[in-house]
Amino acid sequence: MKKVAVILTLALVAFGCADGGGGGTAGADGAAGMGGAAGMGGMGGAAGMGGIGGVTVAVSLICSNNLITANISYLPYELTAAPLGPVVDGSPVDVSFTGTGFFPAAFLNAGLVFGLTAAVVEELNASVVVRSGATQPGVVLTLDGGLPQTVIIPIEEDDATCAAAGFPGAPCVLNDLALPLNSAVGALTPNGGAGGEILVGWDETEDPSTLPNAVNVDDPAGLNGLRLDAGLPFNIALECTMGECTDVTCTGDSDVGVPLLDAQLLSIPIAP
């Protein structure tokens, strides 16, 4: 019973309890920590994309998980798009997509008591989807370098540094684990009209308001799925959809999933 209690405590810390564990340990750019959603307003960078260039926007996922089925997990992913030619209404254009996934530091800190130092990413899918303004690119990103892949967790060993970040002391994990995604090219045909925009994000087939839903760790990862073996007494499975919670980062007592607004998606301008 003691082992079960420890496992449940770990899971509660990891997946969206009321106080969010180490959720306030965002990196300097805001994206790497649980507070990364604050950077979502970066749509202004898209206006300067022009015909050839690129832009990165924080486009978050919210997830059901296999551990605490009543809670919603929050993953502050980033998406990057770079058109490889002029973006003109009605004319096909190749667009290069990539991004970065982030796995919560709160979970990693809880896992340190089990000797956690690395994790094996067994499956990772991040499906790029156009909400409006163009045809679908048909691109699914995964972990750069292929799968399965062992990723080393950056552990801080300095007591003062950990204490300054709100932890009792070393060891601690200061930031969410960054998972660089591969690059893939998808073909878009703009149809939003001259001077309009193409809004791009992650797959949102699953209605955010229905979360959380049951997740089976033995099922293959879905359109925005993640499977992780961190050497803990259990493996981790998440199935996600684009969105956020009513309290943004899903750390409230009664989280409800909501879709992202158009202004929170990545925008590719269509030439006037």
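Computed from a prediction, not measured in an experiment: that's the story for all the values here.

Things to note about the nonpolar core
Among the nonpolar cores identified, the biggest contains 55 residues, and Phe97, Phe103, Leu188, Ile198, Val200, Trp202 and Ile268 are the most heavily contacted of them. Grouped together as the second largest cluster of nonpolar side chains are 6 residues, Ile62, Ile72, Tyr74 and Cys250 included.

A short note on the packing of aromatic side chains
As enumerated under the stated definition, the model contains 1 aromatic pair in all. The interplanar angle of 90° and the centroid separation of 6.0 Å between the aromatic rings of Tyr77 and Trp202 together place this pair among those described as edge-to-face. Residue Tyr77 is found in the loop between β3 (73–75) and β4 (78–83), and its partner Trp202 is found in strand β12 (residues 197–202); the two are separated by 125 residues along the sequence.

Some thoughts on the sheet that holds strand β8 (residues 139–141)
Across the sheet, which stays open at both edges, the 4 strands sit in the order β8-β7-β12-β17 with antiparallel pairing between neighbours. Of all the strands in the sheet, just β8 and β17 (266–269) have a single pairing partner and so form its edges. Neighbouring strand axes in the sheet, compared pairwise and without regard to direction, differ in orientation by 35° on average. Of the strand pairs in this sheet, β12 and β17 are connected by 4 bridges, and their pairing is antiparallel. Across the sheet, residue Leu199 finds its bridge partner in β17, namely Ser267.

Structural notes on the sheet that holds strand β6 (residues 118–124)
Taken in spatial order, the 6 strands line up as β3-β2-β14-β13-β6-β9 in an open sheet, and their pairing is antiparallel. On the outer flanks of this sheet lie β3 and β9 (149–152), each paired with one strand and no other. Going from strand to strand, the sheet's axes swing by 35° on average, the running direction of each strand aside.

Regarding the state of the cysteines
All told, the structure shown has 3 disulfides when counted by the stated rule. Here Cys162 engages in a disulfide with Cys172; their sulfurs sit 2.2 Å apart. Judged by the sign of its S-S torsion, about -90°, the cystine formed by Cys162 and Cys172 is left-handed. Taken together, the residues Cys162 in helix α3 (residues 159–164) and Cys172 in the loop between α3 and β10 (177–180) connect sequence positions 10 residues apart. Look at Cys162 and you get buried, because its relative accessible area is 0%. Among the residues examined, Cys172 registers a relative accessible area of 0% and is labelled buried. Across a sulfur-sulfur distance of 2.1 Å, Cys245 and Cys250 are joined as a disulfide pair. Sign of the S-S torsion, about 90° for the bond between Cys245 and Cys250, identifies this disulfide as right-handed. Cys250 shares its class with Cys245; the two are buried. With its bonded cysteines labelled in order along the sequence, the protein shows the pairing 1-4, 2-3, 5-6.

Basis of the calculations
Residues numbered from 1 in each chain as written. Predicted model: local features only at pLDDT ≥ 70, side-chain atom pairs only at ≥ 80, totals over all residues. Heavy atoms only, no water. Core = buried A, V, L, I, M, F, W, Y, C linked by side-chain atoms within 4.5 Å. Buried < 20%, exposed > 50% of the residue type's maximum accessible area, 1.4 Å probe, protein only. Phe/Tyr/Trp six-rings, centres within 6.5 Å; stacked < 30°, edge-to-face > 60°. Helix = DSSP H or I, 4+ residues; strand = E, 2+ residues; numbered from the N terminus. Pairing = 2+ DSSP bridges. Axes fitted to C-alpha atoms, helices over the stretch in contact; angles between N-to-C directions. Disulfide = S-S within 2.5 Å.

The quantities given are spatial measurements derived from coordinates; they are silent on function.
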